[in-house]
Amino acid sequence: MISILKTIWYVFLHTFQKRITVQYPEEKPYLAPRYRGRIILSRDPDGGERCVACYLCAVACPVSCIALQATEDEHGRRYPEFFRINFSRCIYCGYCEEACPTYAIQLTPDFEMGEFHRQNLVYEKDDLLINGPGKYPGYNFWRVAGVQIGGKDKGQAEHEAAPVDVHSLLP
Amino acid sequence: MSMEVTVATVHVDGKSYQMNAEENLLHGCLSAGLNLPYFCWHPALGSVGACRQCAVKQFKDEQDTHGKIVMACMTPAAEGTRIAIHDPETVAFRAAIIEGLMLNHPHDCPVCDEGGECHLQDMTVMTGHDYRRYEFDKRTFRNQNLGPLVNHEMNRCIQCYRCVRYYREYAGGRDLNAFALRNTVFFGREADGVLENEFSGNLVEICPTGVFTDKTLKRHYTRKWDQQFAPSICVHCGLGCNTDVGEHSGTVRRILNRYNHDVNGYFLCDRGRFGYEFVNSDHRIREPLFKGKVVSADTASRQLRDTLTFGKAIGIGSPRASLESNFALRTLVGPERFYSGVADSEAKLVALAIDMLRHGPMRTPTLHEVEACDAVFVLGEDVTNVAPRMALALRQSVRQQPIEIAKALKIPLWMDHGVRDAIQDKKGPLYLATPYATRLDEIATATFHAAPDEIARLGFAVAHALDPQAPSRGDFPLAGEIARALTHARKPLVIAGPSCNSEAIMQAAANVAMAAGAQLMFTAPECNAVGAILMGSNPLSAAFQAVADGEADTLIILENDLYRRAPRADVDALLHATAHVIVLDHLVNPTSEQAELVLPSGTFAESDGTYISCEGRAQRFFQVFVPPIPIQASWRWLGQGAWERLDEVLTAMATALPHLAPARDAAPPATFRMTGAKVPRSPHRSSGRTAVLANINVSEPKPPDDPDSPLAFSMEGASTHPPGALIPFVWSPGWNSIQATNTYQQEIGGPLHGGDPGVRMFESAPSNDQSYFSSIPSAFEQREGEWLLVPMYYIFGSDELSLSAPGIAELATTPHVAVNADDFTEGEEVDVHCGGSTFRVPVCIRPDLPRGVAGLPAGVPPIAGLGLPAWGMIVRIP
Ligand code: SF4
Ligand code: SF4
Ligand code: SF4
Ligand code: SF4
Ligand code: FES
């Protein structure tokens, strides 16, 4: 009997406690930027597509839910012809982001991806590509890489000397 | 390898290993399965000690604790040698070397086609160099456009010199070299331009970095780990080189060399490596067509059945279709109604070659054995353009006699530049008798450019000089010299073939081989020409006759464009006179365009089957991927439900044609399992499985079954190395590049574990009553106003299928007529009249052609089908 009354008393006391239930969806919780939610593809500071279609995210993905096909523009800049993530398989582990050498693929603090049809969870590049650099401002892979692309000749990347004149025999 | 190998006990890190005493320590360590990084050494190229990456510590004896650092690739594996790989000082040394090689290396891996199969990546991981300390400017180079096949990205070079050693010293190329000096050494051509050597594609595998990569792969790039592979056989000539075919999402992405110690070793020719793109061609037949309209597979099958039930059908086979497909057609129409797919004259010559090799005393060597032959006489064959990989073998054979100099000086044979310095540019005997100058002329001891009959007469004269019993007509000063060279050789070899369409040449070659006790090798015109002839069939002309006589009104043509087999007018008449023409093929061609019913047949990448090479080696190729539904193997279309699986066809064939029974054992049957599982076609890191088809349906389909082979369309399965015939790709822990081949061999550079793929169908029978051939043609005489038109072969252009590969097509020869005459000018248009056809082509002046002889590019439409050599006229246009 005592214990029942005790319980009722505690329940009553709880009425005056601070509420921790969040009134989702009217009220949104705070999620840290490093939260691993919906995946996006970002752009470099110059507005170009960051992804260079290296397939590293795809191979790192433990559930194999990333597929893409590499292609190149007429100046040799490589990019994905298509880029597809099957979010109905994704386990949001973030391995793809960790593997990505260009900061292109990033997980974001958005988890609101509920769908009635699984098919709607298949995202193409159009659905993934955002208009900014995301969490990592400043980095542009092509400024570091040795490959020549439109607007960046050999020797114009960071820490590059001018191309060697192979016909010169000067010591 | 061979039995006489001397074995040495070598102590590595305190453990004893048995190593080949005639080799170096790097070879020995790798053969023993030890991981030792290296760059400049290659099993086919030997050692030069250029990169310093293979350092180990060598100790004088058990008491020596100090030791000294030596290069494993430059140190003999002598008895009692003591070395350490894991000694701290050596480990640090190797890490320093790779750090040095990486100073200028670009930050390219994500966009480098070598990535994921890069020897430099593997070696960097193996040495543990993982952090960049160098912060100064990197050296850069401009790239060159090397043509449509090989890509150049020079920044990635680590100056190991493998490329130029392979290209210049092994393959005989001249237009690739090292330029500039000190830390700016550049590997490329003097200026942009197509690489001239026919074996340039091997640079892709020889270069341990991403400097040279496959340009055709680059156009539809996907990583090695994402490709689905299957072991295959090259379809672009009769040599039967072994290939690995990589596919992704229904397109073939590239061809890699598949090591077969007996056949192609480490190298392919460019036609074989880059010809695959025909599989992805827009000209593919992808749906069944009935009277020009697309019909379903069921309708097409029913139509085939109905036509057969009501019509009088005959079948024409194909030298480029598998044994199984030819057999299926033969079974469907009945052996007496099955006709050969090649012109009678060619069929006769291939049959003659088979007959000689089966019953004659002459043995046919493997391609690998050709490299060890020390005197070679070639009759009538433009080897580089007809059987390209054999030309690379001949470039090694001319080194055999000079190598004796190095042996006498006690220079180990793996000490590559020691050997090369000792022999300088001395060449062993190679005699070439061909109608026109060939690429091998530059290494030949002497050449003889003459009309086919003259080549045969030279052959007979050589046989006579070797053995007076052998008949001869005419006097050839060169004959005595050739005879002497063959007599003094340890392993003489005679090479001939059907290229000149001359029985006399092949008989002369047999006489020479018999008289000299030499080995004899015949080229074969197509990938399964030998198999198709071995199967037996009526001559092609009889098929034409049967239709003309009204004995047949239905024609089933298997993977064959008849316009390449007979003159245009004859084929027109045949197809016109036949009520029902049924064609099974891969690509739209003039024959398929006239068929009532066209069935899409699977290429080498989409079907399984067996080819028999010119060596008589039956080899199996396996389906790489499952093509879209209507496309299937010709033998499936033609089987009409009589059999479901490849093994059933093979069993039926072995019963019906017992002499072909050994072909069944070219590879293990479909029931073969390793550790209870099938062999996976995809690497275990294969990605994108749950996304690649998700745009069509988010529920991924079950991987297709493969009832025909022990391979699975999957990344799952046996994780051990499969037997030779079933190796889809090479990979070993720590070895992602093609250098992983090392781990599949019994000894580096030796046979594969479990033996090399393929079954030799004929070994020579010792017979002592072999009599000489004696029908010697009379001397060639020029004719007034007429030319003897001979076929001229082109590695890019003469092969039917590779012409539909864009890279090859770009380099292919165009129709022309080659003459050696002062009354024509280069490039002028003329009319060539031959066998009732006339075509207008430009003139190409070739001073190497004999007078009275003109050349036409073989196999190039509209010239294909003419039946050369033939007399014709070349008329100037007024
Ligand atoms: S890892 Fe990054 S750059 Fe590479 S394919 Fe994925 S998103 Fe693109
Ligand atoms: S050559 Fe190898 S290490 Fe260099 S960029 Fe290419 S993949 Fe990376
Ligand atoms: S191009 Fe390749 S093979 Fe040639 S030296 Fe450089 S790294 Fe070596
Ligand atoms: S030599 Fe012949 S079989 Fe070998 S790769 Fe070249 S075309 Fe193919
Ligand atoms: S592999 Fe031994 S020095 Fe290069």
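Parameters and conventions
- Residues numbered from 1 in each chain as written.
- Chains lettered and ligands numbered in written order.
- Predicted model: local features only at pLDDT ≥ 70, side-chain atom pairs only at ≥ 80, totals over all residues.
- Heavy atoms only, no water.
- Helix = DSSP H or I, 4+ residues; strand = E, 2+ residues; numbered from the N terminus.
- Rg over C-alpha atoms; globule rule 2.2 N^0.38 Å.
- Buried < 20%, exposed > 50% of the residue type's maximum accessible area, 1.4 Å probe, protein only.
- Areas by Shrake-Rupley, 256 points an atom, 1.4 Å probe, with all protein chains shown as cover.
- Lys, Arg positive; Asp, Glu negative; His and termini not counted.
- Charge placed at Lys NZ, Arg CZ, Asp CG, Glu CD.
- Phe/Tyr/Trp six-rings, centres within 6.5 Å; stacked < 30°, edge-to-face > 60°.
- Lys NZ or Arg CZ within 6 Å of the ring centre and 35° of its normal.
- Contact = heavy atoms within 4.5 Å.
- Buried area = accessible area lost by both parts, 1.4 Å probe.
- Salt bridge = Lys/Arg side-chain N within 4 Å of Asp/Glu carboxyl O.
- Polar contact = N/O pair within 3.5 Å; in protein donor to acceptor, adjacent residues only side chain to side chain.
- Nonpolar A, V, L, I, M, F, W, Y, C, P; charged D, E, K, R; others polar.
- Pairing = 2+ DSSP bridges.
- Near = heavy atom within 4 Å.
- Domains from an automatic or database assignment.
- Axes fitted to C-alpha atoms, helices over the stretch in contact; angles between N-to-C directions.
- Core = buried A, V, L, I, M, F, W, Y, C linked by side-chain atoms within 4.5 Å.

Colleague: How should the overall build of chain A be read in this particular structure?
Modeller: Scanning chain A for helices and strands turns up 5 helices and 6 strands. Whereas a compact globule of 171 residues would reach a radius of gyration of roughly 16 Å, chain A reaches 25 Å, over 25% beyond that. Considering only C-alpha atoms, chain A reaches an extent of 100 × 35 × 25 Å along its principal axes. Within chain A, the fraction of its 171 residues that count as buried is 39%. Split by element, the accessible area of chain A, about 10,200 Å² in all, is 57% carbon and sulfur. Side chains of chain A give 19 positive and 21 negative charges; the mean places of these two sets differ by 10 Å.

Colleague: So what exactly am I meant to see when it comes to the packing of aromatic side chains here?
Modeller: Each aromatic ring pair is described using two quantities: the centre-to-centre distance and the angle formed by the ring planes. Residues and elements named next belong to chain B. This model, assessed by the stated rule, comprises 28 aromatic pairs over all chains. Here F278 and F604 contribute two aromatic rings whose centre-to-centre distance is 5.9 Å and whose plane-to-plane angle is 50 degrees, an arrangement assigned as tilted. Of the two residues, F278 sits in the loop between α7 (270-274) and β14 (289-290) while F604 sits in the loop between β25 (597-600) and β26 (609-612), which places them 326 residues apart along the sequence. With a relative accessible area of 5%, F604 lands in the buried category. Counting every residue linked through ring pairs, the aromatic cluster contains Y166, Y170, Y259, Y266 and F267. A cation over a ring is seen here: R681 above F713, with NZ or CZ 3.8 Å from the ring centre.

Colleague: Sorry, what's going on with the interface of chain A and chain B here?
Modeller: Reports of interface size often rely on the accessible area that becomes lost once the parts have come together. Listed per partner, the contact involves 47 residues of chain A and 49 residues of chain B. Of the roughly 3,700 Å² buried between chain A and chain B, counting both surfaces, carbon and sulfur atoms make up 52%. At the junction of chain A and chain B, the tally comes to 5 salt bridges. With its nearest N and O atoms 2.8 Å apart, the salt bridge here joins K218(B) to E72(A). Counting across the interface, chain A meets chain B through 30 residue pairs in polar contact (both at pLDDT 80 or more). For the side of chain A that touches chain B, the elements supplying multiple residues, two or more each, are α2 (56-60), β2 (66-72), β3 (78-86), α5 (141-144) and β6 (160-163) of chain A. Per-element accounting of the side of chain A that touches chain B gives the leading share, 5 residues, to β2(A). In the side of chain A that touches chain B, the residues fall into 27 nonpolar, 11 polar and 9 charged. Both β6(A) and strand β6 (residues 138-140) of chain B contribute to a ladder of 2 bridges, which runs parallel.

Colleague: How do you make sense of the site of ligand 1 when you look at a structure like this?
Modeller: In the region of ligand 1, 14 residues are neighbours, and C51(A), C54(A), C57(A), C100(A) and T102(A) sit closest. Of the residues that constitute the shell around ligand 1, the class distribution is 13 nonpolar, 1 polar and no charged.

Colleague: Honestly, the domain arrangement of chain B in this entry has me stumped. Any pointers?
Modeller: As far as domains go, chain B holds domain 1 (7-102), domain 2 (358-524) and domain 3 (787-876). The C-alpha centroid of domain 3 of chain B is placed 55 Å from the C-alpha centroid of domain 1 of chain B.

Colleague: What am I meant to see in the sheet that holds strand β19 (residues 430-434) of chain B here?
Modeller: Within a beta sheet, neighbouring strands are joined by backbone hydrogen bonds and run either parallel or antiparallel to one another. All names here are of chain B. Judged by pairing direction, the sheet is parallel, and its 5 strands sit side by side in the order β20-β19-β18-β21-β22 without closing on themselves. Taken across any chain shown, the strands that pair with only one partner, and hence form the sheet edges, are β20 (446-449) and β22 (519-522). This sheet shows a mean twist of 10 degrees between the axes of neighbouring strands, independent of strand direction. The sheet strands contacting helix α16 (residues 452-466) are β18 (375-379), β19 and β20, and the helix crosses β18 at an angle near 145 degrees.

Colleague: What should I look at first to understand the nonpolar core in this one?
Modeller: Looking at soluble globular proteins, one finds that nonpolar side chains tend to be buried together. All names here are of chain B. The biggest cluster of nonpolar side chains holds 201 residues, and the ones touching the most others in it are Y166, F377, L458, V462 and L520. Broken down by element, the residue count for this core peaks at 11 residues, all from helix α18 (residues 503-516). With residues near it in sequence (within four places) discarded, L520 still touches M356, L357, M362, R363, T364, P365, L493, V494, A509, A510 and A513.

Colleague: Explain the environment of V56(B) to me, please; I cannot follow it from the model alone.
Modeller: All names here are of chain B. The topology assignment puts V56 in strand β3 (residues 55-59). Given a relative accessible area of 0%, V56 falls into the buried group. Residues V56 and A670 lie 614 residues apart in sequence; the distance between their C-alpha atoms is 45 Å. Sequence-distant contacts of V56, defined by excluding residues within four places in its chain, comprise L36, K68, I69, V70, A72, I83, A84, I85 and T90.

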